[in-house]
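Residues per chain are reported as follows:
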Amino acid sequence: MPANELQQLKKRLSDIASLRSAAALMHWDQSTLMPERGAKHRGEQLAAIERLAHERSTDAELGRLLERLEARSPADATEAALLRVAREDFERDTRVPGAFVEEMTAHVTETYHAWKKAREARDFKRIVEPLKKTLDLSRRYSSFFPGFQHAADPLIDGSDPGSTVATLRPLFAELRARLVPLAREITARPPFDNSCLRREFDERKQIEFGALVIRKLGYDFSRGRQDMTAHPFMIRFNANDVRITTRVKKDDFGEALFSTIHEAGHALYELGIDEALEGTPLARGTSSGVHESQSRLWENIVGRSRPFWEHFYPELRDSFPAQFGDVPLDAFHRAINRVERSLIRTDADEVTYNLHVMIRFDLEIDMLEDRLRAEDLRDAWNARYEADLGLTPPHDGDGCLQDVHWYGGLIGGAFQGYTLGNVMSAQFLEAARRALPGLDDQVRSGRFDGLLSWLRANVHSHGRMRTGPETVRHATGRDLETAPYMRYLEGKYRALLGTR
Ligand code: ZN
């Protein structure tokens, strides 16, 4: 009864998806609404539900069902993709022994708390011993996946399937060779004045303006909602419930608005996945790179462009007449595109951002290759910041302790998605422009449905039917390349520098 077996597989997979989305809902509640003292019980609830999901996803019967289905030829492309993805997930969940997962989880939890203290004390030395063990665990994790070439590849594969050290290294080297001189050229001049963004902005009005913007971009509040958190994120429960969070600062106008657009970009991706895939593991963004390409496309390429603000600036001025009444559009546009060499990745502008990412990527690889010892990470970090950005962190808190990734997880695979996303975003936009010749005029008149429809048809709807590299190839007709991104950045900053 092969059709019946396919139904059995789908039922099992949709049960796993439901358990996972129940856990996601608890996570969402934990970071938005839950009272502080609910934390202990929430931890127990989450552990119980995650244990159930893990039992289901590693069930030997699921493996046998997959084998039987794999033995016959699939009815169509969707079924083939479903079997491929279900197999990948099953392998990832079953190859790593339970005892290792327990050891790793306990170590990572402990390290995370130690990192918080070390960061507060701005002292890398306090975290060296746990970091050595994390590195050892990362290598051991890799060893459960012997089919890969490089120790970082299984870790990269977890978030960006289809990308490997061998494909990323040349791409990043090419990008760095162009970005370092561009950053140098721009920062040799005085930075754009962004004092207009540092005035006082009513927090409620900021949130309202952000909501108005993302509603126009196509975020449907009947299929999602926005709440406040310390660290903004997007979270999907199902095809019709994809939520975002944001944070707001009274004296920093960019903070809430651009993080709102960013998370809405992630949400538009999830909301655009073909509903026929719902309940299967195909109904999800395909990789962290493609996900970041969508958030950054809306946040940066669209949301920091001049046509975008030709449309929204009058409304912004109406909302904040005292703050922007005396600021011409060009000055505002320059302010939101200020470039400066800085120490903190999450605050970095479009030109320098990828330099921060590539430093981390290279250091991860060096550690996994045993060319860099954990105890030497700080010195290597500081040397690279000096070389790439001409800055040395005054203390470890603004240096190698600034990001949670290596201290709240394994080492490897955590950073490449950000830069992959930036590079992809420009390649997608060039392809969209070829299909939509009047795109700038549409944006100028506040119409985003053309671009959103193009993204839905070419990127969003396919979910995990296509890997990241396949998504790029199908949507743009070419493999991922740095040229569109560099054309975008160089063109944008040439124009910006010429306008003052
Ligand atoms: Zn993001």
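Model, not experiment: these values are computed from the prediction.

**A look at the packing of helix 8 (residues 165-187) against helix 21 (residues 483-498)**
- Closest axis-to-axis distance for the helix 8/helix 21 pair is 11 Å, and the angle between their directions is 5°. Taken together, the axis directions place helix 8 and helix 21 in an arrangement best described as roughly parallel. The residues of helix 21 that touch helix 8, namely those facing L175, R178, L179, L182, E185 and I186, are Y485, M486, L489, E490, Y493, R494 and L497.
- Residue composition of the contact of helix 8 with helix 21, grouped by class: 9 nonpolar, no polar and 4 charged.

**Here's the deal with the coordination of the zinc ion**
- Around the zinc ion, the protein contributes the donor atoms H262 (NE2), H266 (NE2) and E292 (OE), which lie 2.1 to 2.2 Å from the metal centre.
- Read in sequence order, the donor residues coordinating the zinc ion give the pattern H-x3-H-x25-E. Here H266 and H262 lie together in helix 10 (residues 253-271), a separation of 4 residues that amounts to about one turn. Side by side, H262 and H266 carry an identical accessibility label, which is buried.

**Remarks on the sheet that holds strand 2 (residues 234-238)**
- Judged by pairing direction, the sheet is mixed, and its 3 strands sit side by side in the order 1-3-2 without closing on themselves. Of all strands in the sheet, those bounded by a partner on one side alone are strand 1 (226-228) and strand 2. Strand-to-strand, the axes of this sheet are offset by a mean angle of 25°, without reference to chain direction.
- Strand direction decides the pairing type here: strand 2 and strand 3 (residues 241-246), joined by 4 bridges, are antiparallel. Considered in strand 3, the bridge of R236 is made with V242.

**Side note on the environment of T286**
- Among the structural elements, T286 can be located in the loop between helix 10 and helix 11 (288-302).
- With a relative accessible area of 8%, T286 lands in the buried category.
- Each C-alpha atom, one on T286 and one on S18, is 19 Å from the other, the two residues being 268 residues apart in sequence.
- Ignoring any residue separated from it by four or fewer positions in sequence, one finds T286 in contact with P161, Y269, G463, R464, R466, T467, G468 and T471.
- From its side chain, T286 meets the backbone oxygen of R466 in a polar contact 2.6 Å long.

**So, the domain arrangement of the protein**
- Domain assignment breaks the protein into domain 1 (3-148) and domain 2 (165-497).
- Computed over C-alpha atoms, the centres of domain 1 and domain 2 are 26 Å apart.
- Opposite the 38 residues of domain 1 that make contact, domain 2 presents 40 residues.
- Taking both partners together, domain 1 and domain 2 bury about 3400 Å²; carbon and sulfur atoms supply 71% of that area.
- Among the residues domain 1 hides against domain 2, the three largest losses belong to W28, W115 and F124. Together they make up 20% of the total.
- There are 11 residue pairs in polar contact (both at pLDDT 80 or more) connecting domain 1 and domain 2.

**What to know about helix 8**
- An ideal rise of 1.5 Å per residue puts 33 Å on 23 residues; helix 8 measures up with 31 Å between its terminal C-alpha atoms.
- For helix 8, the set of buried residues is V165, L168, L171, F172, L175, L179, V180, L182, A183 and I186.
- Buried-residue contacts for helix 8 involve helix 7 (153-159), helix 15 (353-368), helix 16 (377-389), helix 17 (416-435) and helix 21.

**Quick look at the pattern of salt bridges**
- The tally for this structure, following the rule as stated, stands at 58 salt bridges.
- Residue R12 is joined to D59 by a salt bridge in which the shortest nitrogen-to-oxygen separation is 3.1 Å. Of this pair, R12 sits in helix 1 (residues 2-32) while D59 is found in the loop between helix 2 (39-57) and helix 3 (60-70), placing the two residues 47 residues apart along the sequence.
- Given a relative accessible area of 26%, R12 falls into the partly exposed group.
- Residue D59 is classed as partly exposed on the basis of its relative accessible area of 27%.
- The residue E129 makes a salt bridge to K132 at a minimum N-O spacing of 3.1 Å.

**Focus: the pairing of strand 3**
- Burial runs high along strand 3: 6 of the 6 residues are buried.
- On strand 3, burial covers both faces: D241, R243 and T245 on one face and V242, I244 and T246 on the other are all buried.
- Judged from the 3 bridges that link them, strand 1 and strand 3 form a sheet pairing that is parallel. Counterpart to Q226 in the pairing with strand 3 is I244.

**What to know about the nonpolar core**
- Counting residues in hydrophobic clusters, the biggest one holds 120 residues, and the most contacted among them are W298, W309 and F324.
- When residues are assigned to domains, this core turns out to be shared by domain 1 (3-148) and domain 2 (165-497), each giving three or more.
- If we ignore the near neighbours within four places in the chain, the residues touching W309 are F209, L257, F258, G303, R304, P314, L316, L329, F332 and I336.

**Some words on the packing of aromatic side chains**
- Counted under the stated rule, the structure contains 29 aromatic pairs.
- Taking 6.4 Å as the distance between ring centres and 15° as the angle between the ring planes, the aromatic pair formed by F209 and W309 counts as stacked. Of this pair, F209 sits in helix 9 (residues 203-217) while W309 sits in helix 12 (residues 306-319), placing them 100 residues apart in sequence. Like W309, F209 is buried.
- Pairing Y353 with Y418 gives two aromatic rings, centres 6.3 Å apart and planes at 80°, and the pair type is edge-to-face. Here Y353 is found in helix 15, whereas its partner Y418 is found in helix 17, with 65 residues between them in sequence.
- The class for Y353 is buried, based on a relative accessible area of 7%.
- The residue whose ring lies beneath R345 is Y418, and the NZ or CZ to ring-centre distance is 4.7 Å.

The rules we used
Residues numbered from 1 in each chain as written. Predicted model: local features only at pLDDT ≥ 70, side-chain atom pairs only at ≥ 80, totals over all residues. Heavy atoms only, no water. Axes fitted to C-alpha atoms, helices over the stretch in contact; angles between N-to-C directions. Helix = DSSP H or I, 4+ residues; strand = E, 2+ residues; numbered from the N terminus. Parallel < 35°, antiparallel > 145°, perpendicular 65-115°, else oblique. Contact = heavy atoms within 4.5 Å. Nonpolar A, V, L, I, M, F, W, Y, C, P; charged D, E, K, R; others polar. Donors = N, O, S within 2.8 Å, 3.2 Å for Na, K, Ca; no water. Buried < 20%, exposed > 50% of the residue type's maximum accessible area, 1.4 Å probe, protein only. Pairing = 2+ DSSP bridges. Polar contact = N/O pair within 3.5 Å; in protein donor to acceptor, adjacent residues only side chain to side chain. Domains from an automatic or database assignment. Buried area = accessible area lost by both parts, 1.4 Å probe. Expected span 1.5 Å × (residues − 1). Salt bridge = Lys/Arg side-chain N within 4 Å of Asp/Glu carboxyl O. Core = buried A, V, L, I, M, F, W, Y, C linked by side-chain atoms within 4.5 Å. Phe/Tyr/Trp six-rings, centres within 6.5 Å; stacked < 30°, edge-to-face > 60°. Lys NZ or Arg CZ within 6 Å of the ring centre and 35° of its normal.

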